[in-house]
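# Architecture and fold: a report
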Amino acid sequence: MWASMTPPCQTLAMRPGTVVLGTRPEVVTLTELSFSWFRTKETRQECAYEGWTVDGVPLRQLVSFPPSPMVQQVTPIRNGQANHGYEADYLRAILAEEPPPEFAVMPDGRVPLLMCEADLHLYCGTLTAEIVRGDRVVVWRDFAWQVCQEPIAENAGELSALTFTFDRHQYDEVVRNLLDRALSS
């Protein structure tokens, strides 16, 4: 079960000043419009995936402010819309241990956290962050709304002060479990 992937906060020996990374099942509704000369047809499809949580709160909720393009943003984790293998490449980028494939990060090296719900493509617009690994912590910092091949959007500074510091052991355990599961499926 998905919920078992994230250890409960109460049982973790956390470093002071750190937050807990987790995931939880989420669903967004994709709407597709098709047009003919006499009518418009709307088709809705649910997209299930696992979304990041920080101290149990969905990342989308922590970074959204209306009107926000991130309200519908998703991850490729357990996402049926993702191409085979992309989930593992994405999780390797989240681990930030080695250079990930160039299509899994932005050209400037920033890591996508949430991306387009329709096709998971970085060109559509993506919530990115700089991920820094230390000996004892992993930090997500300098969040921004970014479209691939373009500089960071001017309004990106609205999130730049946001920083999450995770205990490295807890962080690695969560992401490696997700990666192992992606590689075995």
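What this report covers is the structure whose coordinates are included nearby.

Cut-off values and rules
Residues numbered from 1 in each chain as written. Predicted model: local features only at pLDDT ≥ 70, side-chain atom pairs only at ≥ 80, totals over all residues. Heavy atoms only, no water. Helix = DSSP H or I, 4+ residues; strand = E, 2+ residues; numbered from the N terminus. Buried < 20%, exposed > 50% of the residue type's maximum accessible area, 1.4 Å probe, protein only. Contact = heavy atoms within 4.5 Å. Areas by Shrake-Rupley, 256 points an atom, 1.4 Å probe, with all protein chains shown as cover. Phe/Tyr/Trp six-rings, centres within 6.5 Å; stacked < 30°, edge-to-face > 60°. Pairing = 2+ DSSP bridges. Axes fitted to C-alpha atoms, helices over the stretch in contact; angles between N-to-C directions. Parallel < 35°, antiparallel > 145°, perpendicular 65-115°, else oblique. Left-handed = near helix turned anticlockwise from the far one by under 90°. Core = buried A, V, L, I, M, F, W, Y, C linked by side-chain atoms within 4.5 Å.

Moving on, we get to the overall build of the protein chain. Helices and strands together make up the secondary structure of the protein chain, namely four helices and seven strands. Moving toward the C terminus, one meets the helices and strands of the protein chain in the order β-β-β-α-α-β-β-β-α-β-α. Taken across its 185 residues, the protein chain has 46% of its residues classed as buried. Put simply, of all contacts in the protein chain between residues at least 6 apart along the chain, 60% involve residues at least 24 apart. Just so you have it, the protein chain exposes about 10000 Å², and 52% of that area is on carbon and sulfur atoms.

So, on to the packing of aromatic side chains. Inspection of the entire model under this criterion finds seven aromatic pairs. When the centroid spacing of 5.0 Å and the interplanar angle of 70 degrees are considered together, the rings of tryptophan 140 and phenylalanine 166 count as edge-to-face. Here tryptophan 140 is found in strand 6 (residues 137–146), whereas its partner phenylalanine 166 is found in strand 7 (residues 164–167), with 26 residues between them in sequence. A relative accessible area of 0% places tryptophan 140 in the buried class. Phenylalanine 166 sits in the buried class, given a relative accessible area of 0%. Taken together, the ring pairs connect Trp52, Tyr90, Trp140, Phe143, Phe164, Phe166 and Tyr171 into an aromatic cluster.

Quick look at the pairing of strand 5 (residues 126–133) now. Each regular strand shows side chains that alternate between the opposite faces of the sheet. Taken across its eight residues, strand 5 has six buried, putting it largely inside the fold. Looking at chain direction, strand 5 and strand 6 are connected through seven bridges and run antiparallel. Residue pairing across strands places leucine 127 opposite tryptophan 145, the latter belonging to strand 6.

With that settled, consider the packing of helix 2 (residues 86–95) against helix 4 (residues 168–184). Put simply, helix 2 and helix 4 touch, their axes get as near as 9 Å, and they point 165 degrees apart. If you check the angle between helix 2 and helix 4, you find them roughly antiparallel. The two elements helix 2 and helix 4 cross, and the hand of that crossing is left-handed. Residue-level inspection shows Glu87, Ala88, Leu91, Arg92, Ile94 and Leu95 of helix 2 in contact with helix 4, the latter providing Tyr171, Asp172, Val175, Arg176, Leu178, Leu179, Ala182 and Leu183.

What follows deals with the sheet that holds strand 7. With antiparallel pairing, the four strands of this open sheet are ordered in space as 4-5-6-7. The sheet terminates laterally at strand 4 (111–114) and strand 7, the two strands that pair on one side only. Across the sheet, the axes of successive neighbouring strands diverge by a mean angle of 35 degrees, strand direction being ignored. Summarising the sheet, strand 6 and strand 7 pair through four bridges and their orientation is antiparallel. Across the sheet, the residue bridging to valine 138 is phenylalanine 166, located in strand 7. Docked against the sheet, helix 2 engages strand 4, strand 5 and strand 6, running at close to 110 degrees with respect to strand 4. Each of strand 5, strand 6 and strand 7 is contacted by helix 4, which is oriented at about 85 degrees to strand 7, the strand it contacts most.

Our focus in this paragraph is the nonpolar core. Membership of the largest hydrophobic core comes to 37 residues, with the highest contact counts inside it found for Trp52, Leu59, Leu91, Ile94, Trp140, Phe143 and Tyr171. At the level of elements, strand 2 (40–54), helix 1 (59–63), helix 2, strand 4, strand 5, strand 6, strand 7 and helix 4 are the ones that each hand at least two residues to this core. Considering every element that reaches this core, the biggest residue donor is helix 2, with seven residues. In this structure tryptophan 140 touches Leu21, Trp52, Leu59, Ile94, Leu113, Glu130, Ile131, Leu162, Thr163, Phe164, Phe166 and Tyr171, once residues within four positions along its chain are discounted.

Here we take up unusual backbone geometry. Note on backbone geometry: most residues besides glycine have negative phi, and most peptide bonds are trans. The phi angle at aspartate 55 is positive, at roughly 50 degrees, despite the residue not being glycine. Within the secondary structure, aspartate 55 sits in the loop between strand 2 and strand 3 (57–58). A relative accessible area of 42% places aspartate 55 in the partly exposed class. Even without glycine at this site, alanine 96 takes up a positive phi of about 55 degrees. Take alanine 96: it is sitting in the loop between helix 2 and strand 4.

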